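In case you want the letters, here they are:
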Amino acid sequence: DGYDVISTIDVNIQDVAHHALLEQLEHFEADHGSVVVMETKTGEIKAISNLGRIKNSDKYYEKLNYAVYEPHEPGSTFKLMSMAAALEDKVIDTSSVFDTEKGMVQFYDRRVYDSKRGGYGKISAAEAFEVSSNTAFAKMIYENYKDQPERFVNRLYNMGLNEKLGLRIKGEGQPQIPHPEDSNWYGTTLPWMSFGYGVSLTSLQTLTFYNAIANDGLKIKPRFIKQVRDKHSLIESHEEPIVEGSVCSKETAFKLRSMMEGVVQKGTGTNIKHSNFSMAGKTGTCQTEYWIESGRYISSFVGYFPAEEPKYSCIVVIHKPNPKIGYYGSTVAAPVFAKIAQKIYIDTPLKDELSTEAMQENIAETSYENYFEVSQKYKTVMPDLTGYPAMDAVSILENMGLKVNLIGSGKVIRQSIKKGEKISKHQSINLILS
C-alpha cells in the first residue's frame, strides 16, 4: 500500500493488442475474449487485454480477467501437449503414419470427425498436427495408451499441466486434467483428451506451455511486476526470469517447433503467412456448451514470433463468435495474433526503437515523470496530451472524470478539446492516434 508498482507491460504493445482484439470481437459479434503477449526468455507479460460484451449491446469493456481466471476446453491447441507426451514417451515419431479413415473414427458409441469432409487419408503425425486432424490424434493417443491410460496422464502431470502457475494476481483458475482413477473417466475420455476435449486450462496456462516449447522446453513463470518502489527507493526487484524446469527434452521441443512452423507455412494457419516475417503456432476450434445450445465455439490461436529466434509468445482466445460470420480459430483468432506480430516487428522495428538499456531506463523515467506531473497538475483545465501513449492519456483523462473516445491506435496526435480549456466532469473528448 502506497508504493509504486513498475509493471512489465509495454504500453505500445498493450495498445496494439487491445485494439486488435476489440476489432475482431466486434466483427464476429463474440461474447468475450482475451489476448496475452509474453516475452519468451523472461516471462514478462508485455500486454494483456480482456474484453467482455455489455449485455444487449455491441460495446465491450474490461469486464473480467478472463486470461488469468477462466479455465476452458482448449480444443486443438491441446494437440501440442498430446504430441509432446507421445514424443517424450517415444510411442511415435513425427513420421509415424495414421489412417484418418475418410474423416470419421468411432470409439465405443461415439464418433470423432475431422473438419475436412472425407478426411486426409493416410498422413504422418507431423502432417496430422499441421492440418489439425482429430481422427489421427485420437488414434495416436488411444492406440498407444489404451492399455495404460495413466501413463499418458502422468506424462501431462509431469509437464505441470495440472498445476496452477502460482501468479501474484488473485483468482487464477484451476486446470483440470482427468485421471483414470476419477469416477468420471470413460472409455472415450482418452481419445477425446487427445484433441483438447474433457480438459481445461486458462489462456495464460496454455501460453506458458507454448512459451516453454519456444524456449527449447524450458518453462518460465509469467511475471507482471518488474519493481516495487517507494519514491526513489527500491523495495523489490524482479529482473531475473523464474525458471521452473523443463516440460520436455530439447529434441522434442525442436520437433514441435518445426511442426508449429508447418501450421503457418502449409497447415491450418496459412491465412496469416507473411512473406517477410515468420510465425509459428497452432489453431484451435472447440465446440462448447453443446448440451445447452449448438453453435457455440471457442476460437483460439497460440504461438510465437519470429519462428527462428522467438522473441514473443502470444495467445488469442475468442469465446462464442457468431457462427454465421465465422468460428474457426484460423479465421477468428489467428488474424489478431498476426496483426500484433506485424505491428511489433514490421511497422515498428525494435532495432530502430532503442539502442541501449540506459536509454530505455532514461526514456521510461522521463515518461513516468511527465505522466505523474500532468496527472497531478491538471484537474479542471485540459492538458496537452500530444505524443502520449493512448493508455497513459486515457488514464489521465478518466481520472479527471472525462469520457474518452479513441480513434486509431498508437500515440496522441490531436485532441478535440484544446490545451488550457476548462473542462467539466463527464464531458466527452476525442483523441486522434497515430
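Everything quoted here is computed from the prediction, not taken from an experiment. (Residues numbered from 1 in each chain as written. Predicted model: local features only at pLDDT ≥ 70, side-chain atom pairs only at ≥ 80, totals over all residues. Heavy atoms only, no water.)

Observations regarding the overall build of the chain
Phase 1 of the analysis: On a plain count of helices and strands, the chain comes out with 14 helices and 18 strands.
Phase 2 of the analysis: The C-alpha radius of gyration computed for the chain amounts to 23 Å, which stays within 12% of the reference 22 Å derived for 434 residues, consistent with globular compactness.
Phase 3 of the analysis: If one aligns the C-alpha atoms of the chain with their principal axes, the spans along those axes are about 75 × 45 × 45 Å.
Phase 4 of the analysis: Of the roughly 20800 Å² that the chain leaves accessible, carbon and sulfur atoms contribute 47%. (Helix = DSSP H or I, 4+ residues; strand = E, 2+ residues; numbered from the N terminus. Rg over C-alpha atoms; globule rule 2.2 N^0.38 Å. Areas by Shrake-Rupley, 256 points an atom, 1.4 Å probe, with all protein chains shown as cover.)

Regarding the environment of Asp89
Phase 1 of the analysis: Examined against the element boundaries, Asp89 turns out to sit in the loop between helix H3 (79-88) and strand E5 (97-99).
Phase 2 of the analysis: Taking relative accessible area as the criterion, Asp89 reaches 11% and is therefore assigned buried.
Phase 3 of the analysis: Residues Asp89 and Arg155, spaced 66 residues apart in sequence, show a C-alpha to C-alpha distance of 8.1 Å.
Phase 4 of the analysis: Those residues in contact with Asp89 that lie beyond four places of it in its chain are Tyr145, Arg151 and Arg155. (Buried < 20%, exposed > 50% of the residue type's maximum accessible area, 1.4 Å probe, protein only. Contact = heavy atoms within 4.5 Å.)

Overview of the nonpolar core
Phase 1 of the analysis: One finds Met83, Leu156 and Leu204 to be the most contacted residues of the largest nonpolar core, which totals 70 residues.
Phase 2 of the analysis: Core analysis: the next-biggest nonpolar cluster, separate from the first, contains 33 residues, Leu21, Phe277, Val336 and Ala341 among them. (Core = buried A, V, L, I, M, F, W, Y, C linked by side-chain atoms within 4.5 Å.)

Some points on the packing of H3 against helix H5 (residues 134-145)
Phase 1 of the analysis: Running from N to C, H3 and H5 cross one another at 35°; their axes reach a closest spacing of 11 Å. Note on packing geometry: the crossing formed by H3 with H5 is left-handed. Note on element contacts: H5 touches H3 through Asn134, Phe137, Met140, Ile141 and Tyr145, opposite Lys79, Ser82, Met83, Ala85 and Ala86. (Axes fitted to C-alpha atoms, helices over the stretch in contact; angles between N-to-C directions. Left-handed = near helix turned anticlockwise from the far one by under 90°.)

Digging into helix H9 (residues 250-266)
At 3.6 residues per turn, the α-helix brings residues three or four places apart onto the same side.
Phase 1 of the analysis: Over its 17 residues, H9 extends 24 Å from the first C-alpha to the last, a length consistent with the 24 Å expected when each residue adds 1.5 Å.
Phase 2 of the analysis: Every buried residue of H9 is listed here: Thr252, Ala253, Leu256, Arg257, Met259, Met260, Gly262, Val263 and Val264. (Expected span 1.5 Å × (residues − 1).)

Here's the deal with the side chain of Ser49
Phase 1 of the analysis: Locating Ser49 in the fold gives a position in strand E3 (residues 45-53).
Phase 2 of the analysis: Apart from the residues lying within four places of it in its own chain, the contact partners of Ser49 are Gln14, His18, Leu21, Gly33, Ser34 and Val35.

Quick word on the environment of Gly281
Phase 1 of the analysis: Structurally, Gly281 can be placed in strand E13 (residues 280-287).
Phase 2 of the analysis: Sequence separation between Gly281 and Gly262 is 19 residues; the distance between their C-alpha atoms is 8.6 Å.
Phase 3 of the analysis: Those residues in contact with Gly281, other than ones at most four positions away along the chain, are Met260, Val263, Val264, Phe301, Val302 and Gly303.

Comments concerning the pattern of salt bridges
Phase 1 of the analysis: Following the criterion strictly, the structure yields 13 salt bridges and no others.
Phase 2 of the analysis: With a shortest N-O distance of 3.7 Å, Glu39 and Lys311 are connected by a salt bridge. Pair noted here: Glu39 is in strand E2 (residues 32-39) and Lys311 is in the loop between strand E14 (297-305) and strand E15 (312-319), with a separation of 272 residues, a long-range link.
Phase 3 of the analysis: Between Lys226 and Glu239 there is a salt bridge, and its shortest N-O distance comes to 4.0 Å. Of this pair, Lys226 sits in strand E10 (residues 225-230) while Glu239 sits in the loop between strand E11 (233-237) and strand E12 (243-246), and the two are 13 residues apart along the sequence.
Phase 4 of the analysis: Sharing partners across several salt bridges, the network here consists of Glu44, Lys46, Arg223, Lys226 and Glu239. (Salt bridge = Lys/Arg side-chain N within 4 Å of Asp/Glu carboxyl O.)

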